[in-house]
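Take a look at the letters that make up each chain.
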Amino acid sequence: MKNKRNVLYSLIILLAGVFYFQVQAQQKKDIHRANFSGEWKSKESISMGGNIVCSYDEGDRMLSKTMKIAEQADFLIIEVPNLSPGAALATSQEKLDFDGKAGEINHGSERGKKFTVTMSADGQTMTVNSIVHLMTAVPFSVNTQKQQFVYVTEVWKLSNDGNTISVQANAKSTLFDGERSWKTVFDKVL
C-alpha cells in the first residue's frame with residue numbers, strides 16, 4: 001500500500017514538473033515585439049542624414065521628416081506627406097512586410113526601389129534592405145543619363161519607453177566611392 005502511495009506521489013511530482021517546463025517554454029516563445037505605430041517627427045529626413053541620394057521620388061519616405069506608422073501582425077504601413085509640387089495634401093504610403101520577401105516600388109525603368117524587411121528574433125529591431133535605382137546626368141555630356149544604384153540598409157530600433165525610433169542607415173552607391181553611415185532619430189508626436 002505504501003509503495004502505491006509513493007508511486008502516486010512520484011507521478012504527481014513528475015507531471016507537475018512536465019507542466020512547469022511546458023509553461024516556461026511557451027513564455028519564452030511569446031516575445032514582446034516592439035510596436036512602431038504612431039506619428040513620428042525628426043529634425044531631418046533619413047536620406048539627408050547621410051547627405052546621399054537614396055530616394056527614388058519626392059514621395060519616398062526617405063525624404064520625409066514626419067511619418068505616420070500603422071503596424072499590424074505581419075507588416076507595417078508608413079504614410080508620409082508627399083512633397084511633390086502640385087500634390088497639395090497628398091500622402092505616400094509604403095507597406096513593409098516582415099516576411100523577408102522582396103517588395104518593389106516601380107516608377108518605370110528609370111526610378112524605383114526593391115526592398116526586403118525582416119524583424120529580429122527578439123522582436124525589437126526591424127531591418128530594411130533596399131536597392132534604389134535612378135537615372136542621373138552624366139557629367140560633361142549633353143542630355144546623357146546613366147542608371148545608378150544605391151544600396152541602403154536601415155536598422156530601426158524603438159526605445160524602451162516607446163518614444164523614439166532610431167534609424168541607423170548605411171549606404172553604398174555607384175555614384176560615390178566608399179560607404180556612408182548615419183543615424184536619424186524620430187520622436188513620437190502622438
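Scroll up to find the structure.
All values reported here derive from a predicted model rather than from experimental measurement. Position numbers for residues count from 1 along each chain, tracking the sequence in the order it is written. For this predicted model, a pLDDT threshold of at least 70 governs which residues receive local features, and a threshold of 80 or more governs which side-chain atom pairs are given and counted, while totals over whole chains, interfaces and linings are taken from all residues. Note: side-chain values were computed over all heavy atoms of the structure, leaving out hydrogens and water.

Asks: Honestly, the packing of aromatic side chains in this entry has me stumped. Any pointers?
Replies: Two numbers describe a pair of aromatic rings. These are the distance of the centres and the angle of the planes. Only rings of Phe, Tyr and Trp enter the pairing, Trp through its six-membered ring, and a pair is recorded when the two centres are within 6.5 Å. The plane angle decides the type: under 30 degrees is stacked, over 60 is edge-to-face, the rest tilted. Overall, the coordinates contain one aromatic pair when judged by the stated rule. Taking the centre distance of 6.2 Å and the plane angle of 80° together, the rings of F36 and W156 count as edge-to-face. Remark: W156 occurs in strand β8 (residues 145–158) and F36 occurs in the loop between α1 (2–29) and β1 (38–41); sequence separation between them is 120 residues. By relative accessible area, which is 0% here, W156 ends up buried. Cation placement over rings: the criterion is NZ of Lys or CZ of Arg within 6 Å of the ring centroid and within 35° of the ring normal. Of note, K95 hangs over the ring of F75, and the distance from its end group to the ring centre comes to 4.3 Å. Segments assigned H or I by DSSP are reported as helices when at least four residues long, segments assigned E as strands when at least two residues long, and all are numbered from the N terminus. Relative accessibility under 20% of the residue-type maximum defines a buried residue, over 50% an exposed one, and the middle range a partly exposed one, all with a 1.4 Å probe and only protein chains included.

Asks: Even after reading the chapter, I still don't get the pattern of salt bridges, so can you show me in this structure?
Replies: Salt bridge, as applied in this entry: a Lys or Arg side-chain nitrogen positioned within 4 Å of an Asp or Glu carboxyl oxygen. Overall, the coordinates contain two salt bridges when judged by the stated rule. In this structure, the salt-bridge partner of K95 is D97, at a minimum N-O distance of 3.8 Å.

Asks: So what exactly am I meant to see when it comes to the side chain of Q148 here?
Replies: Counting through the fold element by element, Q148 comes out in strand β8. A relative accessible area of 7% means that Q148 is categorised as buried. Residue contacts for Q148: discarding those within four places in its chain leaves V132, H133, L134, T136, T174 and L175. What makes two residues a contact is simply this: any of their non-hydrogen atoms within 4.5 Å.

Asks: Would you mind showing me how to read the pairing of strand β2 (residues 66–71) here?
Replies: Within a regular strand, the side chains alternate between the two sheet faces. A one-sided burial pattern is seen for β2, the buried positions being M67, I69 and E71 and the unburied ones T66, K68 and A70. One bridge is not enough; two strands pair if DSSP finds at least two bridges between them. Bridge count between β1 and β2: four bridges; the pairing is antiparallel. Looking across to β2, one finds that E39 is bridged to K68. Sheet topology note: the β2/strand β3 (residues 75–81) ladder contains four bridges and is antiparallel. Of the residues in β3, the one forming a bridge with I69 is I78. Count of turn residues in the β2/β3 antiparallel hairpin: three residues.

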